[in-house]
Amino acid sequence: MNREQRLRAHRFHQLHAGPAPLMLLNAWDAASARIIENAGAQAIATTSAGMAWSLGQPDGERMSVRDLLAMCARICRSVAVPVSVDIERGYGRDAKDTGGLVGALLQLGVVGINIEDGTQPGTRTLSPSGELAERIACARTVAQHHDVPLFINARIDTYVADVPMETRYEETLKRACAYIDAGADGIFVPGLSDAEEIARLAGQLPVPLNVYAGYAGAPAAAQLRELGVRRISLGCGPMQSVLAHLARIAAEALSDGRYDTMGSDMLTVSEANGLFKDIDNAADVPAPHASCAGMGDGPVALLLPRGLRASGRARPVELTTRNGLCTPAHVVAGHSASQPAWRRLMSSLLGERSPGIRAEPR
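What counts, and at which threshold
Residues numbered from 1 in each chain as written. Predicted model: local features only at pLDDT ≥ 70, side-chain atom pairs only at ≥ 80, totals over all residues. Heavy atoms only, no water. Buried < 20%, exposed > 50% of the residue type's maximum accessible area, 1.4 Å probe, protein only. Helix = DSSP H or I, 4+ residues; strand = E, 2+ residues; numbered from the N terminus. Pairing = 2+ DSSP bridges. Right-handed = clockwise from strand over helix to strand, strands pointing away. Polar contact = N/O pair within 3.5 Å; in protein donor to acceptor, adjacent residues only side chain to side chain. pLDDT = per-residue confidence, 0-100. Contact = heavy atoms within 4.5 Å. Core = buried A, V, L, I, M, F, W, Y, C linked by side-chain atoms within 4.5 Å. Phe/Tyr/Trp six-rings, centres within 6.5 Å; stacked < 30°, edge-to-face > 60°. Salt bridge = Lys/Arg side-chain N within 4 Å of Asp/Glu carboxyl O.

(A) Looking closely at the pairing of strand 5 (residues 112–116). Burial runs high along strand 5: 5 of the 5 residues are buried. By the bridge criterion, 3 bridges tie strand 4 (residues 83–86) to strand 5 in an arrangement that is parallel. Within the sheet, the bridge partner assigned to Asp 86 lies in strand 5 and is Asn 114. With helix 5 (residues 95–108) bridging strand 4 and its parallel neighbour strand 5, the resulting β-α-β unit is right-handed. Relative to strand 6 (residues 151–155), strand 5 runs parallel, the two being bridged by 5 bridges.

(B) Summary view of the sheet that holds strand 2 (residues 26–27). Strand order in this open sheet of 9 strands is 1-9-8-7-6-5-4-3-2, and the pairing throughout is parallel. Bordering the open sheet on either side are strand 1 (22–24) and strand 2, each of which pairs with just one other strand. Of the pairings in the sheet, the one linking strand 7 (residues 186–188) to strand 8 (residues 209–212) comprises 2 bridges and is parallel in character. Following the sheet pairing, Phe 188 is matched in strand 8 by Asn 210.

(C) Local environment of the side chain of Arg 89. Locating Arg 89 in the fold gives a position in the loop between strand 4 and helix 5. Of the polar contacts made by the side chain of Arg 89, one reaches the side chain of Ser 127; its length is 3.4 Å.

(D) Seen up close, the confidence of the model for the protein chain. For the protein chain, per-residue confidence averages 83 on the pLDDT scale, and residues scoring 70 or more make up 77% of the total. Across residues 282–362, where pLDDT falls below 50, the model places 150 contacts with residues more than four positions away in sequence or in other chains.

(E) Quick peek at the nonpolar core. Grouped together as the largest cluster of nonpolar side chains are 74 residues, with contacts concentrated most on Leu 105, Ile 113, Ile 136, Tyr 179, Ile 187 and Leu 209. Beyond its immediate chain neighbours, meaning those up to four positions away, Leu 105 contacts Leu 69, Cys 72, Val 85, Ile 87, Val 110 and Ile 113.

(F) Structural context of the environment of Thr 125. If you trace the backbone, Thr 125 turns up in the loop between strand 5 and helix 6 (129–145). Residues Thr 125 and Asp 162, spaced 37 residues apart in sequence, show a C-alpha to C-alpha distance of 5.8 Å. Sequence-distant contacts of Thr 125, that is, excluding residues within four places in its chain, are made with Gly 118, Thr 119 and Gln 120.

(G) Inspection of the packing of aromatic side chains at higher detail. Scanning the model with the defined rule gives 2 aromatic pairs in all. Consider the rings of Phe 12 and Phe 151, whose centres lie 5.6 Å apart with planes at 80°: the pair is edge-to-face. Residue Phe 12 is located in helix 1 (residues 3–15), and its partner Phe 151 is located in strand 6; the two are separated by 139 residues in the primary sequence. This pair shows no difference in class: Phe 12 is buried, exactly as Phe 151 is. Considering the side-chain rings of Tyr 212 and Tyr 215, the 6.1 Å spacing of their centres and the 35° angle between planes classify their relative orientation as tilted. A relative accessible area of 22% means that Tyr 212 is categorised as partly exposed.

(H) Quick peek at the pattern of salt bridges. Applying the stated criterion across every chain yields a total of 12 salt bridges. In this structure, the salt-bridge partner of Arg 89 is Glu 131, at a minimum N-O distance of 3.1 Å. Residue Arg 89 is found in the loop between strand 4 and helix 5, and its partner Glu 131 is found in helix 6; the two are separated by 42 residues along the sequence. When its relative accessible area of 7% is taken as the criterion, Glu 131 is described as buried. The shortest N-O distance in the salt bridge between Asp 260 and Arg 258 comes to 2.8 Å. For Arg 258, a relative accessible area of 44% translates into the label partly exposed. Salt bridges sharing partners connect three or more residues here, namely Glu 116, Arg 155 and Asp 157.

Next up, the structure:
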């Protein structure tokens, strides 16, 4: 990775330690990213829900890796500030799949990810913490291989899943410690809104606490700062608001034949074009194919059936694996289970590029 990307990554880390919490407005495409940057944002995060909706799909890893990478490539080309990407559960069946995705995102210029534990498919039951811990550890190894200080924000869904109220705080803290041990740089707890609990958790964590404020009535940034919050995410809130505004424009035009809502506040064509005047979009190409899976080849390789990778006969396959199809056993609560298993995992990722680790046949 180049020096400019490493500097952006360091800058993104520093923004979590500034005088005020890092305010992240989440973009869903290049236009929204440029609007946010133009408003003065120091960094941009993506919203997985917003991206999926913009592609005509529901949220929840329904978006293919190919579409995710294509959208992230456009966003990274369009802005100069650090970009962090929401990768939901990490995509794919296991940590290796997540490592491949992280490698591809790093090649696009991404300097941060948000990854969640989530719930088991079809339920509101939290997934085992070991699954996310393993994916975090693998993402960290991939980032180190690329020499990029990737900011890994670990999302904990204890406050949005079916967890008893009397135990959810302790469960949150337990999971946070496991994810930090695995390599997380920050902890994100959507649904955490009680001021006393926010302050308590922020005081107990050795890393920045991120809260969600993409809803009406959310605490102001100044109040969250006093509670110890270091990062505020608006998530899919901005797009929800934009869609509601569009619905009002459409209703007014279709029902009344009027355009007052639309015309009251809109960019000129020149202003909209000006958002992209210095951007070269000539190379608007989806993620390239790769002949084999290795560190940094990313889901570009994972999109290909294993039998076709070596032959070069690239037949793309969408990776839209649903959550929770595999229960990893390499890491439990942030601790390595067995060295041989971990070495085998790293071998499959690093190949011959990892000193002291013998590569397994592909």
